[in-house]
Amino acid sequence: FHASDEQRTQAIATAVDTCRDRIPIIAHVGDTSLARACDRAREARQMGVTHVAAITPYYLRIEREELEDHHRRIADAFGGPIFMYQHPATGDEGLSVESILRLADDGVVCGIKESGSDLDWFESLCQAIADADADFTCMHGAGATAIDSLSRGGDGLVTVAANLLPRTMSSLFDAFEGGALEEAHRHQE
């Protein structure tokens, strides 16, 4: 399934109309080109979203300097910091922890959805963010490793499972945060 531009715009409009002033709204604006992502970021801002997230153009090998510029240009188009979305399976090698800290310090990014399988790297990012006392949210995208990513310092989860089983994933998170690890594991299973 590939949503048309109109369907994506309607989904954002529905979220804004439903949730305005109650919870933050993060609209995904990543696309097949930087120009399209920037256009979507500007549109999302005009529609009233509070944040945008952006994956890089998929299945392209993008050098790290270009990747930093990619995030800077989307943040400029949006008019504020963005959530970056790293997904190594789509060809994006991703940024180093140092590059992410620099972008956070420059006000370009305010968080990440990391969907890679290297939880040691994710833990090192979470620790570096904590050490820098940066205003930055570390989320992981793999539902199968939800508890492990939270145990390694993650602030939350953005998973496909949450779209399909929102109560289960919410209960998993609440149980983990409350220290009820056995219950959290039941929800993950």
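Structural data are supplied above this passage.
A quick note: this is a predicted structure, and the numbers were derived from the prediction, not measured.

A. Structural context of the overall build of the protein. The number of helices and strands found in the protein is 9 helices and 6 strands. Taken over the C-alpha trace, the protein has a radius of gyration of 16 Å; the compact-globule value for 189 residues is 16 Å, and the two agree within 12%. Seen through its C-alpha atoms, the protein measures out along the principal axes to roughly 45 × 35 × 30 Å. Split into buried and exposed, the 189 residues of the protein put 42% on the buried side. Within the protein, residue pairs in contact and separated by at least 24 positions form 66% of the contacts whose partners lie at least 6 positions apart. Accessible surface, the protein: about 10,300 Å² in total, of which carbon and sulfur atoms supply 49%.

B. Main features of the pairing of strand E3 (residues 82-86). With 5 of 5 residues buried, E3 is to be regarded as a mostly interior element. Residues of E3 alternate between two faces, with Ile 82, Met 84 and Gln 86 on one and Phe 83 and Tyr 85 on the opposite face, all of them buried. For the segment spanning strand E2 (residues 51-55), helix H3 (residues 64-78) and E3, crossover handedness is right-handed. Of the strand pairs in this sheet, E3 and strand E4 (residues 109-114) are connected by 5 bridges, and their pairing is parallel.

C. Broad picture of the layout of surface pockets. Put simply, the largest pocket is a space of about 1,500 Å³. Ile 26, His 28, Lys 113, Val 158 and Asn 163 are the residues nearest the centre of the largest pocket, which is lined by 44 residues in total. Top contributing element to the lining of the largest pocket by residue count: helix H1 (residues 5-19), with 6 residues.

D. Spatial organisation of helix H4 (residues 97-105). Within H4, the full set of buried residues consists of Val 97, Ser 99, Ile 100, Leu 103 and Ala 104. Around the axis of H4, the buried residues are gathered within 160° of arc, so they sit on the same side. Those residues of H4 that are exposed and aimed more than 90 degrees away from the buried face are Glu 98 and Asp 105. As for H4, its buried residues are in contact with H3, E3, E4 and helix H5 (119-132). Downstream of H4 by one or two residues, Gly 107 has phi in the positive range, about 75°.

E. The arrangement of the packing of helix H8 (residues 166-177) against helix H9 (residues 181-188) in detail. Following both chains from N to C, one finds H8 and H9 inclined at 160°, their axes separated by 8 Å at the closest point. Relative to H9, H8 is oriented roughly antiparallel. The element H8 and its partner H9 pack so that their crossing is left-handed. Side by side, H8 and H9 meet where Thr 168, Ser 171, Leu 172, Ala 175 and Phe 176 of the first sit next to Leu 181, Glu 183, Ala 184, His 187 and Gln 188 of the second. Tallied by class, residues from the contact of H8 with H9 come to 5 nonpolar, 4 polar and 1 charged.

F. Highlighting the sheet that holds strand E1 (residues 26-28). Spatial strand order, E1-E2-E3-E4-E5-E6: 6 strands in an open sheet with parallel pairing. Two strands bound the open sheet, and with one partner strand each, they are E1 and strand E6 (156-157). With 3 bridges connecting them, E2 and E3 associate as parallel partners. Pairing of Ile 55 across the sheet is with Tyr 85, part of E3.

G. Structural view of the pairing of strand E5 (residues 137-140). With 4 bridges joining them, E4 and E5 adopt parallel strand pairing. Residue pairing in the sheet places Gly 111 in a bridge with Thr 137 of E5. Between the parallel pair E4 and E5, the chain is carried across by H5, and the sense of this crossover is right-handed.

Reading guide: rules and limits
Per chain, residue numbering runs from 1 following the sequence as it is written. Restriction of local features to residues with pLDDT of at least 70 applies here, the model being predicted, together with a cutoff of 80 or more for giving and counting side-chain atom pairs; totals for whole chains, interfaces and linings are based on all residues. Calculation of side-chain values draws on the structure's entire complement of heavy atoms; hydrogens and water are dropped beforehand. Helix and strand labels come from DSSP, where a helix needs a run of H or I of at least four residues and a strand needs a run of E of at least two; each type is numbered from the N terminus. In this setup the radius of gyration rests on C-alpha atoms only. A globule is expected at 2.2 Å times the number of residues raised to 0.38. Burial classes follow relative accessibility: with a 1.4 Å probe on protein chains only, a residue under 20% of its type's maximum area counts as buried, one over 50% as exposed, and anything between as partly exposed. Any two residues whose heavy atoms approach within 4.5 Å at even a single point are treated as in contact. Here the Shrake-Rupley method, with its probe set to 1.4 Å, supplies the accessible areas, and only the displayed protein chains count as covering residues. A clockwise path from the first strand over the helix to the second, with the strands pointing away from the viewer, defines a right-handed crossover. Two strands qualify as a pair provided that DSSP identifies no fewer than 2 bridges between them. Buriedness for pockets is judged along seven lines, at least five of which must meet protein on both sides within 12 Å for an open set on the 1 Å grid over protein atoms alone, while cavities are sets there where a 1.4 Å probe fits but cannot get out, and lining residues have an atom within 4 Å of a point. Grid points are joined across faces, edges and corners, and a volume is the space filled by probe spheres set on the points. This arc corresponds to the set of directions leading from the helix axis out to the C-beta atoms. Fitting a line to C-alpha atoms yields each axis, with helices limited to the stretch in contact; the angle taken between N-to-C directions then spans 0 to 180 degrees. Each angle gets one of four labels, with under 35 degrees taken as roughly parallel, over 145 as roughly antiparallel, 65 to 115 as roughly perpendicular, and the rest as oblique. A crossing counts as left-handed when the near helix is turned anticlockwise from the far one by less than a right angle, and as right-handed when that turn is clockwise. Ten residue types, Ala, Val, Leu, Ile, Met, Phe, Trp, Tyr, Cys and Pro, are classed as nonpolar, four, Asp, Glu, Lys and Arg, as charged, and the remainder, Gly among them, as polar.

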